[in-house]
Structure formats: structure tokens, C-alpha cells
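So you can see what is in the structure, the chains are spelled out below.
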Amino acid sequence: MGPITIDFIESQHELQKKILARMRSFGMQPVLPAFAGHVPTALLFRHPKASFAKGQPWEDFEAPLFLAGDDPLFARIATAFVQAQRKAYGWSAHFYSADSNGGWGETQRAPGYIEAAAAALYSAVKKGDPYGKLLVQGSMFEDDWWRADNYNAMNEYLRGLPTSDVLVIDVASDIDPLAAKTSGFKGHPYVLGLLHNFGGRSGMYGNLDLYKQQAQAALGSGHAVVGLGITMEAPGQNPIVYDFYLDLAWTGTGAEEDTDAWIDEWVASRYAVATDHAVIKVWRVFVNEFYNGEVEQHTDKWMLLSRPKLFESCVGGIVSSSVLVAWQEFVDFSDLQHIVNWRRDVAAITNIIMQSFFCRQLEAINQRLKSDWLDVEDVLDLMDEVVAKIETVLATDENTQLGCWIDDAEQWAQSTDEARALRWNMAVQVTTWSFPDSQLQDYAKKAWAGLTEKYYAKRWQLYAQFLRSKAGSSGEMLDQMELNGELRTFERGWLKGELPDFSCSDDGDILKFLKQELG
């Protein structure tokens, strides 16, 4: 999705300086990258005697070339890498992170290599910055070979690092708690990380009680837990989850702490009301429905944002009747209409209600597809109406508009061509992600205006056209591969740059929509 222009790289470099300066002004300690071993192929020809290996590919992306950690060239580059950053960004950033994943699994090394390579990395960081500390991301240990034979390779890597000046981030402790499986990373200090979200996907989901229990277990384990952190892949969704998790470090994780009381205080603070306001009771219903179960988003709850599949169940996306009642109460709080957070939450929850209606129509279609003769015209019409309403709801908030996302990106452009490239990258990142038929299709799916109308809805319109073309046929004769071919043609249009225009507007009014719908 490149190439990236030099102008863009330089502008990001200047932005980085400003970000680091602001972080330091708040007393924050930034983390800069260290050299992990990934190198361009050209280095192979420049240093033919050095020890290289082909790394592991990730999903649809080609495997990188990896410089062996025990090669003298590794130490030279790793040290110079840290020194160059110190020169560019200053002395006050002493944390360095090196994600060494991708270059180990397909290499056959002598016993002790992994330990020696880890030690070489740490030594290079220290040589480049005498005050340097190495931050190890637990996500680098996600491949099976790290975990084989009771985490043998992972333990060998950790043996190569001292317990001082090294900090491990258990990146996805909510989903895959590595510390609990490895005796607390063999004595190394570590931070519990709440991953929760992949790609900034839309939705309301999480499990507050589970997060609390996990934090309690870690703090009571006797391991060197030094903090809690949030490691989501993108912000802008589920603020209650991240506020709750970070608050655990301050309000306590003991059994005496009342999660319900915390929720009441959070809602009251969010809308600037007293804790006996009726909105508190409504939010308890929302928490019980959305934040009392799954720890990551499942596709069956947001089928509108996924590539259409014949017979795919959407039951998980249908909200309970109690949520519908709570939603109707929530939108009637006239004393909260001036609160920005309330208006945004109304739009977010209304979107979920509309997504639930979409799922109901899809389930109706699935039932008819099981019958002898296909006749779904009336249901398809209802689906179109629901999608149009979802688009209207999302357009009421500039934070859920693809056009605003693209406008922000284009502001970095120094030329028309660069603006076009940035626009294309932004549109692809939230749809196909990379290449045609990518395994990462819809990885970063988002309920955004513009994206819903001109991408997700278009795919479901192709689904509808496909079913209409088969009217009167047996549902058993439908061919998913035939449908995929039509969907693929549309998706490839995005990759070729055949993008429609998108707008960014602050004219939308969720209250006006609700008045039209509810009277």
C-alpha cells in the first residue's frame, strides 16, 4: 500500500518530535523501537558473509529477511539504531521495544542460540543508551513453536535477559494470559495488558468482572506484576472498558470493591448527574447485556459489516427485549440532551439496535432459504430500510464518518498524487485491509457513515441481487462460491482506487432522527 513519500516520512518525523515533547511534559516515559533483526533484502548483498534467514510470513504479507541475533552485524546495527534515535529525539526516552517475532520459527539454530540472541539485543540497547531498558511484548510469543514443550523457546529467550532493566508486557492477558502459564515470565517484571479490541472494530462488548478477577489473580500470584495497561489496537470505542481497567490500579482489585458501585459512579461522571439519576439504572441493563460476557468481538453480532455468507447465523447480534426497553428510556432523558457524551452514546446504542433489526431480517431470510422455494423479496426490502437508517444514525457523529477519517489523512498530502494515495490507503485499511481475497478481509470493520452506505450496503445489495436471481429455486441449490465471485469483483474495485466520494459533516442530529422514528 505504498510507496510512502519522503515528504510524508519527514512530516511524521516532525510530528513524532512534538508527540514525544508533549508526553514528556506530562511526565510520561515514551517507548521507542529497538532493532529486532528485520532487514531489507539489499543488506544480504551488502554483507554476504553475515548470517541471515527468511522469517515467517504473516497472513498475506511476505516474510521479511531476518539478521541472526548472534551475528556481529546485528550488534552493530542494533547499537547504532538506538544511538540514532537518541540523537533525533533526546535523552529522556530510555525504554526500547523490539518485537522479535517473525524471524525465529523457520530457522534451525544451535542450542542456546535464542538465549544468546536475546542477550545480544539487550547488550546492544545498553551500549546505545547506558540508561536503556528493554520492553518485551508478550505478543511475540504467540506462535506455537514458542510454546512447544512447555514454553521452552520462550523460557530460553527470557533466560537471555536480566530481570533488571527489562519489562514484559503481557499484551493480551484478557484473552491469552501468558504470565499465568509461564510462572510470571520467569521472574521478570511485567504489566498486565488489556487488548480487548482488534483493528478498532465497532461494537459494545467486554467482561468487566473477568478483568477484575484476572487482575486479582495476578496481584495475588506472588509474581512481579508492576502495573496494568491498555493495549487495544485502536481507541475510539468502549470507553467504559478502558476506564474500568485502568481504575483497577487505583481503586483496588480486592473482593471488597463493588463493580456495580463503580459503574454507577462512571455513568454519573460521564453525564454530570447524581448517582440516583434514572440513567444509572438504564446503564446497568446495558452493562449486563454488553459488558458481562465476551472479551472480544464476534462476527455474528455485526453481520452487516461482514462479507455476506449464505445461511450464516446472526442470532448473536439480536439484543434482548430488556435492552430495547432500556434504549427507549435512555433516549427520553430530555435533561441530558445537551451532554455531548449522551448524544454520542445514544447514537452508538441506536446503531446497535438497528444492527439487531438487520440481524432479525437476516435470520428470517435464513429460515426461508431452508424451504423448498426461495421467496425473500419482502425481507430484502426491510433490510434495505434498516441499512439506510443505520447510515443516518452514524452520520450524526463526525467520529463515525469515513469522510472525516479520509479528510484527516488527506491533510498530510503535499501533492494531488499523495492525497490520492492517502485516500486509497485509508479506504482500504478499513475494508479489504491489504490484498484481494485477503485473510484479513474486514479485520478493521467499523460502523461508520459512508462506509456503511457505499461499501457494506453495496455488498449486501449484491447478496440481495443474487437471491432475487434465484427466486423460485431451492435454497439448497445456492452456491456461496458464485456469490463470492460477485462480491470479489466489487471489493477489487476498491483496491483499484475506484472509490466514491465521501463527505464529512457535523450537520447530523440524532435527536431529529429519533423524533422521526419514535415520534
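Residues numbered from 1 in each chain as written. Predicted model: local features only at pLDDT ≥ 70, side-chain atom pairs only at ≥ 80, totals over all residues. Heavy atoms only, no water.

Enquirer: Explain a nonpolar patch on the surface residue by residue, including any values.
Expert: A grouping of Ile4, Ile6 and Ile9 is seen on the molecular surface, where their side chains present a nonpolar patch of about 310 Å² in accessible area. Along the polypeptide, Ile4 turns up in the segment before helix 1 (6-25). In this structure Ile4 comes out as exposed when scored by relative accessible area, which is 56%. (Patch = residues over 30% accessible without salt bridge, like charges linked within 9 Å, V, L, I, M, F, W, Y side chains within 5 Å. Areas by Shrake-Rupley, 256 points an atom, 1.4 Å probe, with all protein chains shown as cover. Salt bridge = Lys/Arg side-chain N within 4 Å of Asp/Glu carboxyl O. Helix = DSSP H or I, 4+ residues; strand = E, 2+ residues; numbered from the N terminus. Buried < 20%, exposed > 50% of the residue type's maximum accessible area, 1.4 Å probe, protein only.)

Enquirer: Provide a residue-level description of the confidence of the model for the protein, including the pertinent values.
Expert: Counting all residues, the mean pLDDT for the protein is 88, and 95% of those residues have values of 70 or more. The lowest-confidence element of the protein is strand 3 (residues 52-54), averaging 82 in pLDDT; the highest-confidence one is helix 11 (residues 278-290), averaging 97. (pLDDT = per-residue confidence, 0-100.)

Enquirer: Tell me about the pattern of salt bridges, residues and numbers included.
Expert: Close approach of charged atoms lets side chains of opposite charge pair. Within this structure, the stated rule accounts for 19 salt bridges. Of the charged contacts, one joins Arg343 and Asp509 as a salt bridge, the two residues approaching to 3.3 Å between their closest N and O atoms. Of this pair, Arg343 sits in helix 13 (residues 340-369) while Asp509 sits in the loop between helix 18 (480-495) and helix 19 (510-518), and the two are 166 residues apart along the sequence.

Enquirer: Which residues make up the packing of aromatic side chains, and what are the values?
Expert: Counted by the stated rule, this structure contains 24 aromatic pairs. Judged by centre distance (5.3 Å) and plane angle (65 degrees), the rings of Phe185 and Tyr190 are edge-to-face. Linked through ring pairs, Phe244, Trp262, Trp266, Tyr271, Trp283, Phe286, Phe290, Phe330 and Trp342 together constitute an aromatic cluster. Over the ring of Trp448 we find Lys446, and its NZ or CZ is 5.5 Å from the ring centre. (Phe/Tyr/Trp six-rings, centres within 6.5 Å; stacked < 30°, edge-to-face > 60°. Lys NZ or Arg CZ within 6 Å of the ring centre and 35° of its normal.)

Enquirer: Just give me the short version of the sheet that holds strand 9 (residues 225-230), but keep the residues and values in it.
Expert: Whenever strands of a sheet pair, they do so through backbone hydrogen bonds, lying parallel or antiparallel. Taken in spatial order, the six strands line up as 1-5-6-7-8-9 in an open sheet, and their pairing is parallel. In the strand order of this sheet, the two ends are held by strand 1 (31-33) and strand 9, each with one partner. With direction set aside, neighbouring strand axes in the sheet form an average angle of 30 degrees. Where strand 6 (residues 133-137) meets strand 7 (residues 166-170), four bridges bridge the pair, whose relative direction is parallel. (Pairing = 2+ DSSP bridges. Axes fitted to C-alpha atoms, helices over the stretch in contact; angles between N-to-C directions.)

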